[in-house]
Amino acid sequence: MSLPVNDIRRLSDLHPKPQDINYQYGTAGFRTLGKVLDSVLFRVGILAALRSKKLDGKTIGVMVTASHNPEPDNGVKLVDPRGEMLESSWESHATVLANTPSTDEFISALQDFVKTTKIDISKPARVVYARDTRPSGPALVAALEDGLKAMSAEGRNAGVTTTPILHYLVRTINTKGSKESYGTDTEEGYYTKLSSAFNKLMVGRPPRPPLVIDCANGVGALAARVLSRYLVNSLPVELENTAIDTPGALNNSCGADFVKVNQKLPPSLTDLLGPCQRGCSLDGDADRLIYFYLDEHRQFHMLDGDKITTLVASFIVELVKTVGLSEKLKVGVVQTAYANGSSTKYLSERLPVKCVPTGVKHLHHAAEQYDIGVYFEANGHGTVVFSQPAQDLIFSHQPSTPTQLTALTHLQNILNVINQTVGDALSDMLLVEVVLAHKSYGGAEWDSLYTDLPNRLVKVVVPDRNIFKTVDAERRLVSPGALQNKIDELVTKYSEGRSFVRPSGTEDVVRVYAEATTRRQTDDLAFRVAGLVYDEAGGDRSQRPKEFL
Ligand code: 16G
Ligand code: MG
């Protein structure tokens, strides 16, 4: 059997590629202005069908979202059968196919691809897809559906939902009826799985003040509302920033990225959050979570992905120890260079900690090397993954004391609260709430586990960010030239100073991170490194930002 060339040609002509744009399947799929993504979505539909055929008809996921980006942006990413990110070798195929200039060239690139990748066209193709609340979403989904139609793929439209729910659906569809079944393959199955485990974990815990959830005016508002109906007595919540139909509201001065980057409360919450009350922010597709609280002086404190890692990993270690399985279940942590130095120090004194390059797929993969792997990026994206033997042990172990039995039951329920396929803001929120309730922690007690070093992120616009090449999990530069030596020399002048430089995978900029013992020193270090980067990359002297030192 060969490719249905006539159908592809007819439909591809309806989705021509703009001549002047070069697309790239980056860290989180294709992402750019929504209005220039039509041809990309059509081609991704075809690619998803081919990926499914290659994997013997397993269901592939497609998510249409641009996460925390501004509302006019959109994007698309593919999800592999276990609910994980697309295998990286296919990312470059996606880029090549998205950039072929004409329908004819697209078809011949497809033919080459099918041949070299040895795809059996006669296999079935199954794809499940969803989108977030962006206004450009419906038209992009229609283009994707044309791609599926061209391949006669079986499509399941999961509608408007969060990225993590789409990942959950992919995994549950593919494990249906098997020993590794991950749950019921519906949204209701997702809410029921998470909430029933959560509700069991909260039995007997004292009532808590309501949790304020900043939904970023995105799809998380819909999901959080449904979830809250399943949490009637276990967790009172107040949903804020739920204006999904207000043009321009998405991620605008709210959401997890706003809080993390600006290190402050979304202005819309200022009058809502009481002293010592905790709140959290989701991002535009609800796969990132940042917590915060105001202290008794109404001072803002942020609890980011590093703080979540510490809280969650410590609790899981404690449970595993109480059950008596410390020897058999090794808990480890995965971070990136962005992890606050204090968190790395705190964790390394207690657990194995690995540092990997930015991007969920790197963290997820490294976490899978542990029996129980906890990973979070500082920006709030993360989850916990349990190896299959670890899960089997947790569900078959026979405890010998009532204390062990209680801890084991908690561990089993925790496993079901967690969305292991990908970082999931709502699932992570439930996990955090469980730990806080079990430890009787408020925001301040949680925050006091270690003290963050002040840190600063600076964006540097350079003529060509591709000249920046990193090694050692992005902690060191090997190009351009002597820049790393200059940074090394500078860093020694700051107490507990640390700084690194990496090209962004999602924006046309270079990022500089710095931390040191004081805010003033941190800013000084960050802007000095930014200045070095700007000059070394040949930035225009007259355009040099004045804060760069
Ligand atoms: C994407 C990544 C996120 C990473 C961020 C870094 C996924 C699903 N998302 O949003 O993990 O932190 O990119 O962006 O992998 P940057 O390369 O622009 O700094
Ligand atoms: Mg996101």
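The notes below deal with the structure included here. These figures come from a predicted structure and were not determined experimentally.

About the cut-offs
- Residues numbered from 1 in each chain as written.
- Chains lettered and ligands numbered in written order.
- Predicted model: local features only at pLDDT ≥ 70, side-chain atom pairs only at ≥ 80, totals over all residues.
- Heavy atoms only, no water.
- Core = buried A, V, L, I, M, F, W, Y, C linked by side-chain atoms within 4.5 Å.
- Buried < 20%, exposed > 50% of the residue type's maximum accessible area, 1.4 Å probe, protein only.
- Helix = DSSP H or I, 4+ residues; strand = E, 2+ residues; numbered from the N terminus.
- Contact = heavy atoms within 4.5 Å.
- Near = heavy atom within 4 Å.
- Polar contact = N/O pair within 3.5 Å; in protein donor to acceptor, adjacent residues only side chain to side chain.
- Areas by Shrake-Rupley, 256 points an atom, 1.4 Å probe, with all protein chains shown as cover.
- Nonpolar A, V, L, I, M, F, W, Y, C, P; charged D, E, K, R; others polar.
- Donors = N, O, S within 2.8 Å, 3.2 Å for Na, K, Ca; no water.
- Pairing = 2+ DSSP bridges.
- Axes fitted to C-alpha atoms, helices over the stretch in contact; angles between N-to-C directions.
- Expected span 1.5 Å × (residues − 1).

### Comments concerning the nonpolar core
Side chains of nonpolar character tend, in soluble globular proteins, to be buried together.
Thought 1: Of all hydrophobic cores here, the largest spans 78 residues; its most connected members are Y291, V384, M429, L430 and W446.
Thought 2: Counting residues per element, this core draws most heavily on helix α15 (residues 425-439), at ten residues.
Thought 3: In this structure, Y291 is in contact with L211, G279, C280, H301, M302, L303, M429, V432, E433 and W446, ignoring residues within four places of it in sequence.
Thought 4: If you look at the next biggest cluster of nonpolar residues, it comprises 47 residues, including L47, V76, A98 and V141.

### As for the site of ligand 1
Thought 1: Around ligand 1 sit 15 residues in total, of which E377, S504, G505, T506 and R511 are the nearest.
Thought 2: V360 places a polar main-chain atom, nitrogen or oxygen, 3.1 Å from an oxygen atom of ligand 1.
Thought 3: A distance of 2.9 Å is found between an oxygen atom of ligand 1 and a side-chain nitrogen or oxygen belonging to N379.
Thought 4: Considered on its own, ligand 1 offers 450 Å² of accessible surface; in the complex 93% of this is hidden by protein.
Thought 5: Partitioned by chemical class, the residues of the shell around ligand 1 number three nonpolar, seven polar and five charged.

### What about the coordination of the magnesium ion (ligand 2)?
Thought 1: Taken together, S67 (OG), D283 (OD), D285 (OD) and D287 (OD) make up the protein donors of the magnesium ion (ligand 2), found 2.0 to 2.1 Å from the metal.
Thought 2: Sequence spacing of the donors to the magnesium ion (ligand 2): S-x215-D-x1-D-x1-D.
Thought 3: For D283, a relative accessible area of 0% corresponds to the buried category.

### Remarks on the sheet that holds strand β12 (residues 353-355)
Thought 1: An order of β12-β11-β13-β14 is seen for the four strands of this open sheet, with the pairing classed as mixed. One side of each edge strand has no neighbouring strand; the edge strands of this open sheet are β12 and β14 (382-386). Taken pair by pair, the neighbouring strands of this sheet meet at an average axis angle of 20°, ignoring direction.
Thought 2: Of the strand pairs in this sheet, strand β11 (residues 331-335) and β12 are connected by three bridges, and their pairing is parallel. Bridge assignment links V333 to a residue of β12, and that residue is V353.
Thought 3: Against the sheet, helix α10 (residues 305-323) makes contact with β11, β13 (372-376) and β14, and its axis sits at roughly 165° relative to β13, the strand it touches most.
Thought 4: Against the sheet, helix α11 (residues 341-348) engages β11 and β12, with an angle of about 165° to β11.

### Remarks on the environment of E474
Thought 1: Counting through the fold element by element, E474 comes out in the loop between β16 (469-471) and β17 (476-479).
Thought 2: For E474, a relative accessible area of 13% translates into the label buried.
Thought 3: Once the C-alpha coordinates of E474 and R9 are considered, the two residues, 465 residues apart in sequence, prove to be 42 Å apart.
Thought 4: In contact with E474, not counting residues within four places along its chain, are P357, T358, F500, V501 and R502.
Thought 5: A polar atom in the side chain of E474 sits 2.6 Å from the side chain of T358.

### Re unusual backbone geometry
Thought 1: For the peptide bond that leads from S479 to P480, omega is 5°, which places it in the cis range.
Thought 2: The topology assignment puts P480 in the loop between β17 and α17 (483-491).
Thought 3: Located in the positive-phi region is K118, a residue other than glycine, with phi close to 55°.
Thought 4: Looking at the element boundaries, K118 is found in the loop between α4 (103-116) and β4 (126-131).
Thought 5: The backbone phi angle of Q263 is positive, close to 50°, even though this residue is not glycine.
Thought 6: Looking at the element boundaries, Q263 is found in the loop between α9 (256-262) and β8 (278-282).

### With respect to helix α6 (residues 163-175)
Thought 1: Taking 1.5 Å per residue as the helical rise, α6 with its 13 residues ought to reach 18 Å, and the 19 Å between its terminal C-alpha atoms agrees with that figure.
Thought 2: With twelve of its 13 residues buried, α6 lies for the most part within the structure.
Thought 3: For α6, the set of buried residues is T163, P164, I165, L166, H167, Y168, L169, V170, R171, T172, I173 and T175.
Thought 4: Structurally, α6 contributes buried residues whose contacts are with β2 (59-64), β3 (73-79), β4, β5 (154-160), α7 (187-202) and α8 (219-230).
Thought 5: In this structure T162 caps α6, since a side-chain oxygen of it lies 3.1 Å from the backbone nitrogen of I165.
Thought 6: Looking one or two residues past α6, G177 carries a phi angle of roughly 75°, positive in sign.

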